[in-house]
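# Tertiary structure, described
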Protein chains: 2
Amino acid sequence: ASSSLPQHVGRTGFMDFPYVSTPHKNLMVDLVSTVESHLGSILNPCTLPPDVQSYQNETGTAHAALHLRSGVQSSQIDFILGSWLHCELPTGGALNITSLSAYLNSSTDAPNLLVELIQSSPTSMVLILDLPHRKELVLNPDYLKTFYEDTQLDQHRQRLEKLSEVTPYFSSSLYIRSVVSPTAILVRIETEQLEEMIETHVSPIAKEVLKTWLDVCAFGERVVGEDERVYLKKRDEMSKSKTIEIDLGSSLPRLFGQETANRVLEALREVF
Amino acid sequence: ASSSLPQHVGRTGFMDFPYVSTPHKNLMVDLVSTVESHLGSILNPCTLPPDVQSYQNETGTAHAALHLRSGVQSSQIDFILGSWLHCELPTGGALNITSLSAYLNSSTDAPNLLVELIQSSPTSMVLILDLPHRKELVLNPDYLKTFYEDTQLDQHRQRLEKLSEVTPYFSSSLYIRSVVSPTAILVRIETEQLEEMIETHVSPIAKEVLKTWLDVCAFGERVVGEDERVYLKKRDEMSKSKTIEIDLGSSLPRLFGQETANRVLEALREVF
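Below: a short report on this structure. (Residues numbered from 1 in each chain as written. Chains lettered and ligands numbered in written order. Predicted model: local features only at pLDDT ≥ 70, side-chain atom pairs only at ≥ 80, totals over all residues. Heavy atoms only, no water.)

## Concerning the interface of chain B and chain A
- On the side of chain A, 27 residues touch chain B, which itself brings 27 residues to the contact.
- Buried surface at the junction of chain B and chain A, summed over both partners, amounts to about 2,500 Å²; 70% is from carbon and sulfur atoms.
- On the chain B side of the interface with chain A, the three residues burying the most area are B:Val138, B:Leu139 and B:Leu174, jointly 26% of the side's total.
- The interface formed by chain B and chain A includes four salt bridges.
- When the shortest N-O distance is used, the salt bridge between B:Glu136 and A:Arg235 registers 2.5 Å.
- Connecting chain B to chain A are 10 residue pairs in polar contact (both at pLDDT 80 or more). (Contact = heavy atoms within 4.5 Å. Buried area = accessible area lost by both parts, 1.4 Å probe. Salt bridge = Lys/Arg side-chain N within 4 Å of Asp/Glu carboxyl O. Polar contact = N/O pair within 3.5 Å; in protein donor to acceptor, adjacent residues only side chain to side chain.)

Following this line, the structure appears as structure tokens:
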């Protein structure tokens, strides 16, 4: 019916990752599939409206997809959220962001999962890979030990740090800097061989971090008292609403127009 | 009486900073003097025993000084702590650490002050410069705004980041990484012109950060409820005892022998 539209636009689903390189797509598909195969039985289907699962701007220069599955009542999962966003740049290139995050609920205090690849040129990418903590680390050194020291998460950051193509990245948002853990991988990768870099270094590390999250966090058993549960709920809510505001609050209206932005933000706020 | 001892050893006081370069010494003296002239009337004299104010190892290859003044009861100051440490390295060079920190008490929730210069070779220095937060930032975006966004502290970090001689530094302690704020300056400086670098870049920035701390934190008025006060006490205690343990717990015995280490740590633990 829409054969005159560019191949990408239209019925493209979240798992198609239509605008990014093959290694980038393979990595995202692998991560999402791994999460869904491990958590599948405790996740509800994605109930986002079709025009929130995939949306674009009027001129077709910006296109995005969202995939959101909440955890069943008895589970430790609040929800998982996958997304991609493509947007042509006035300079001729394109911005491509793909992300996967997983939020646990207040029946556990274990860390969340955050993976984001932000590609703003064929030779430059920002990688954010972290298990954001859900308790204050200064006050809870045992928590730091369990989830960050004993899991040796910092070795991944150290491995990347050694590569000459990799430099530390500082988010312009101080709030985001506060949300991420002390072992967070926040790096800029600049290289002509970005695809090889993703295959050789980014993918193996992202998969290992996800494995740690699944083993230690998503399926770890934690004892959470009633007071702590209240604290976690409050902290999670604050962290999610601020993250939405910072990530999407200003960029969505700019890229997709106010109407679409409202529709998407409203759908997200229902779960967030 | 001890004219055969090297000039440095013996009665050297804290403010002499005898082992570091002139610009490095000038900076430290300036920072300590500024703090003492602003807080002077609300600080008690240093009551550390003389053999804790200055101590060395048996062979004279390691030498250190401490300067600690607590705040008077009615003040917002818990204490200020200055230190320097000199230690000859087996490789022929020397390690020189100078630091100034200031801790507020639970009548305010404003950030502390932390300045540390770690010089391990004539051409390499680690600079730590921060106002460590005392409340959880994820849960308290207003606190983040007041002390870190509105004060534009990040501009100093950004200025340093642009210099080719400067690279981000990651503490090997995940706890220390958790203690520092999102605008913390944690950098390694590598250059043949280290003295010029200190004069031109490090000193002006350190002085500005100190000015912010004095204006906004040490003399800022904050309303702190009873629950918060309990929280601050607990968090401050944890943070101080962990910091001592990480900073000095293993290095002092190694450098100065167990007896001296015990004496120093005991004196510090009384205040910490």
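## Focus: the sheet that holds strand β6 (residues 124-130) of chain A
Residues and elements named next belong to chain A.
- Judged by pairing direction, the sheet is antiparallel, and its eight strands sit side by side in the order β1-β2-β3-β4-β5-β6-β8-β7 without closing on themselves. Of all the strands in the sheet, just β1 (54-56) and β7 (166-168) have a single pairing partner and so form its edges. Strand-to-strand twist in this sheet, taken as the mean axis angle between neighbours without regard to direction, amounts to 15 degrees.
- Lying over the sheet, helix α1 (residues 22-39) contacts β2 (62-70), β3 (77-88), β4 (94-104), β5 (113-121) and β6, oriented at roughly 15 degrees with respect to β4.
- Here helix α4 (residues 154-161) sits on the sheet and contacts β6, β7 and β8 (185-190); the angle it forms with β8, its principal contact strand, is near 20 degrees. (Pairing = 2+ DSSP bridges. Helix = DSSP H or I, 4+ residues; strand = E, 2+ residues; numbered from the N terminus. Axes fitted to C-alpha atoms, helices over the stretch in contact; angles between N-to-C directions.)

## A closer look at the pattern of salt bridges
- If you walk through the whole model with that rule in mind, you get 32 salt bridges over all chains.
- Across the pair A:Arg263 and A:Asp51 runs a salt bridge, and its minimum N-O distance is 3.3 Å. Here the residue A:Arg263 occupies a position in helix α9 (residues 258-271), and A:Asp51 occupies one in helix α2 (residues 50-53), the gap between them amounting to 212 residues.
- Exposure remark for A:Arg263: the relative accessible area of 29% places this residue in the partly exposed category.
- Residue class for A:Asp51 comes out partly exposed when judged on its relative accessible area of 35%.
- Note that B:Asp109 is salt-bridged to B:Lys135, the shortest N-O span being 3.5 Å. (Buried < 20%, exposed > 50% of the residue type's maximum accessible area, 1.4 Å probe, protein only.)

## Details of unusual backbone geometry
- Despite not being glycine, A:Phe17 shows a phi value in the positive range, around 35 degrees.
- Considering the arrangement of structural elements, one finds A:Phe17 in the segment before α1.
- For B:Gln152, which is not a glycine, the phi torsion comes out positive at approximately 55 degrees.
- Position of B:Gln152 among the secondary structure elements: in the loop between α3 (141-149) and α4 (154-161).

## Things to note about the packing of helix α1 (residues 22-39) of chain B against helix α6 (residues 194-218) of chain B
All names here are of chain B.
- One way to put it is that α1 packs onto α6 with a least axis distance of 9 Å and a crossing angle of 15 degrees. Here α6 runs roughly parallel to α1, going by the angle between their axes. Pair α1 / α6 crosses with right-handed handedness. Residue-level inspection shows Pro23, His24, Leu27, Asp30, Leu31, Thr34, Val35, His38 and Leu39 of α1 in contact with α6, the latter providing Glu195, Ile198, Glu199, Val202, Ser203, Ala206, Lys207, Leu210, Trp213, Leu214 and Ala218. (Parallel < 35°, antiparallel > 145°, perpendicular 65-115°, else oblique. Left-handed = near helix turned anticlockwise from the far one by under 90°.)

## Description of the side chain of A:Ser75
All names here are of chain A.
- Secondary-structure assignment places Ser75 in the loop between β2 and β3.
- Exposure remark for Ser75: the relative accessible area of 7% places this residue in the buried category.
- Excluding residues within four positions of it along the chain, Ser75 makes contact with Ile42, Asn105 and Ser107.

## Side note on the relation of the copies chain B and chain A
- For the pair chain B and chain A, the relating rotation is 180 degrees, the translation along its axis is 0.0 Å, and the fit reaches an RMSD of 0.0 Å. Seen this way, the second copy is the image of the first under a two-fold rotation axis. Across chain B, the smallest distance between a C-alpha and the rotation axis is recorded for B:Glu136, namely 3.2 Å.
- Comparing interface residues between copies, 100% of those in chain B also lie at the interface in chain A; the contact surface is shared. (Least-squares fit on C-alpha atoms with pLDDT ≥ 70 in both.)

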